[in-house]
Each structure stands twice: as structure tokens, then as C-alpha cells.
Amino acid sequence: MKEKHLDNFVKGLKNGIPIALGYFAVAFTLGIQAKNAGITAFQSAVASFGLHASAGEYIAFTLFGANATIFVMVMMEVVANARYLLMSCALSQKIPADTPIWKRLIMGYFITDEIFGVSILTDGKLDPYYNFGMAAVASPAWGFGTVFGVVLGNFLPVSVVSALSVGLYGMFIAVIIPPARKNKIVAVLIIISFVASYIFNKLALFSAISSGMKIIILTVVISLGAAILFPVKEEK
């Protein structure tokens, strides 16, 4: 490894430590959800290593516990993780044009909201080894956090497990509140999503539709309506 790449890798390791700490805490609550769905510690570790997405993994564990079909699980993951396609496109413009395909694949595999946010803010061209450094410390924290959540969830009192599970809802609130405060349209759409989800779950007309399929329908309909009524204007 060239000295420049090594320096960027070490820099990525250092900048990835705060990300890793946050991942461990969130992954711990995901491990509790996995335990409740009947998933073992080893299975949760494999799932976390294969799916670096908090919302996507939470959905996967929830649907697994609800005995959802494979089709519903796949479609829900596509909808929940579609944003990573846009992030990948953005990072592809940030790295040197001669970056080999194997480096691009590794970057794409370990891309997350946090790693993308830190990477896209770097000055000039992005050295893939900088991403590798962040992934080297963040990915294990994500996997081990899930495992510890499953293991400790078997020993902790029910009241403590329930209290820790609230952390996952706190994570989602932390995701939606900042953009809602900046944009009134986003805030209204979030409220509409809550109301529509409540109606879908209460009306007998939709009782035959699985919870996963309801989420897919609501996500596509609400986002499509927002895109048509309130399109984002491109900057000049």
C-alpha cells in the first residue's frame, strides 16, 4: 500500500471511530429485535455483515418475525435501501476516474448514510482507502453490536430489554425530526404517513394485506404524490 493510501486509511480509521460507537448502540437494539423475532446471534451477525442498513435490517427482522413472504421482504428492502443507489452515483463522481472496479465494489458494499456523509464532504478527489478505513472500524462494531444485543437480550430482565428497545424508535425520530424542522412539506408528509399507516392498520378493508406490503404501498404512493405535487427544483 502506498504511503498516501496508508495515510488516508489511518485517517479513515480515526474518523470512523465515532461512527462505530453510534453503530454499536443502534445495532444493540437491533439485536434485541432479532432476538424477539427468533433469530440467533450467529444469524444476526451474518445479517448485519450482509446488510449495513439500520432501517433495512430492522424491517428485515420485523418481517421475519411476522412470517412475511420472501417477495415482501425483498421488495421492502429495495424500497428501504433505494437511497444507496443515489449515494453510490454521487460517490462515483467523487473518486478518481481510473479507480478499479474491485475498489468501487468494496466502497459500494460498505456504503452507509454516515460513511457517505463523511466521504462526500472531503475536499478534492476521494481516496477509496479513506472509505476502507472507516468501514474497517464501523462494520465490525455494527456486527458485534447486533450479536451482543441478541446475547444480552437473553439475560437482561424484560423491563430492561423493553427500555433499550425504545432506543430504536429514538433513532428513527432522530432521522425524521431534523429534515422536518427545515422543510414544512417534509413535516406534513411525515404526519400524513403516520395517519395513513394508522388508517391502513385499522380499516377492515386492508386487513388481508400484510404489514410489509402496506408499508410498500404507502411508501410508493406518498413519495410519488410528493414528487408530483412538490418537485425539488434543480439548482442553476
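Residues numbered from 1 in each chain as written. Predicted model: local features only at pLDDT ≥ 70, side-chain atom pairs only at ≥ 80, totals over all residues. Heavy atoms only, no water.

Participant: What am I meant to see in the overall build of the protein chain here?
Facilitator: Secondary structure summary: the protein chain contains 11 helices and 0 strands in total. The helix and strand sequence of the protein chain, counted from the amino end, reads α-α-α-α-α-α-α-α-α-α-α. Burial status across the protein chain gives 36% buried among its 236 residues. In the protein chain, the share of contacts with a sequence separation of at least 24, taken over all contacts with a separation of at least 6, comes to 77%. Carbon and sulfur atoms form 72% of the exposed surface of the protein chain, whose accessible area is close to 14,300 Å². (Helix = DSSP H or I, 4+ residues; strand = E, 2+ residues; numbered from the N terminus. Buried < 20%, exposed > 50% of the residue type's maximum accessible area, 1.4 Å probe, protein only. Contact = heavy atoms within 4.5 Å. Areas by Shrake-Rupley, 256 points an atom, 1.4 Å probe, with all protein chains shown as cover.)

Participant: Please clarify how unusual backbone geometry should be interpreted in this entry.
Facilitator: A negative phi angle is the norm for most residues apart from glycine, just as the trans form is the norm for most peptide bonds. With phi around 60 degrees, Asn67 is a residue other than glycine that occupies positive phi space. Relative to the helices and strands, Asn67 resides in the loop between helix H3 (54-65) and helix H4 (70-80). Overall, Asn67 belongs to the exposed group, its relative accessible area being 69%.

Participant: Would you mind going over the packing of helix H2 (residues 41-50) against helix H8 (residues 128-153) with me for this structure?
Facilitator: The packing of two helices is summarised by the inter-axis angle and the distance between the axes. Packing of H2 against H8 leaves a shortest axis separation of 8 Å and a crossing angle of 155 degrees. Considering their axes alone, H2 and H8 lie roughly antiparallel with respect to each other. For the element pair H2 and H8, the recorded crossing hand is right-handed. Of the residues in H8, those touching H2 at Ala41, Ser44, Ala45, Ser48 and Phe49 are Ser139, Trp142, Gly143, Thr146, Val147, Val150 and Val151. (Axes fitted to C-alpha atoms, helices over the stretch in contact; angles between N-to-C directions. Parallel < 35°, antiparallel > 145°, perpendicular 65-115°, else oblique. Left-handed = near helix turned anticlockwise from the far one by under 90°.)

Participant: Where do I start with the nonpolar core in this structure?
Facilitator: Generally speaking, a soluble globular protein has its nonpolar side chains buried in company with each other. With 26 residues, the main nonpolar core has Ile19, Tyr23, Leu91, Met107, Ile111 and Leu126 as its most contacted residues. For this core, the element with the highest residue contribution is H8, accounting for 7 residues. For Tyr23, the contacting residues outside a window of four places in its chain are Thr112, Glu114, Ile115, Ala138 and Trp142. Formed by 6 residues, the second largest nonpolar core is a distinct cluster that contains Ile59, Val72, Met76 and Ala80. (Core = buried A, V, L, I, M, F, W, Y, C linked by side-chain atoms within 4.5 Å.)

Participant: Hey, could you run me through H4 in this one?
Facilitator: Given 3.6 residues per helical turn, the α-helix brings residues three or four places apart onto the same face. Of the residues making up H4, those classed as buried are Val72, Met76, Glu77 and Ala80. Axial view of H4: buried residues confined to an arc of 130 degrees, hence all on one face. Every exposed residue of H4 that faces more than 90 degrees away from the buried side is listed here: Ile70 and Phe71. (Arc of directions from axis to C-beta.)

Participant: Looking at this structure, how should I read the packing of helix H1 (residues 3-36) against H3?
Facilitator: Where H1 contacts H3, the axes come no closer than 9 Å and their chain directions differ by 10 degrees. Considering their axes alone, H1 and H3 lie roughly parallel with respect to each other. Contacts between H1 and H3 pair Val26, Leu30, Gln33 and Ala34 from the former with Ser54, Glu57, Tyr58, Phe61 and Thr62 from the latter. Looking at the contact of H1 with H3, its residues break down into 5 nonpolar, 3 polar and 1 charged. (Nonpolar A, V, L, I, M, F, W, Y, C, P; charged D, E, K, R; others polar.)

Participant: How do you make sense of the confidence of the model for the protein chain when you look at a structure like this?
Facilitator: Close inspection of predicted coordinates is inappropriate in any region flagged by low pLDDT. A residue-level look at the protein chain finds 89% of positions with pLDDT of 70 or above and a mean pLDDT of 83. Across the protein chain, the element-wise mean pLDDT spans from 67 in helix H9 (residues 158-182) up to 92 in helix H6 (residues 101-109). (pLDDT = per-residue confidence, 0-100.)

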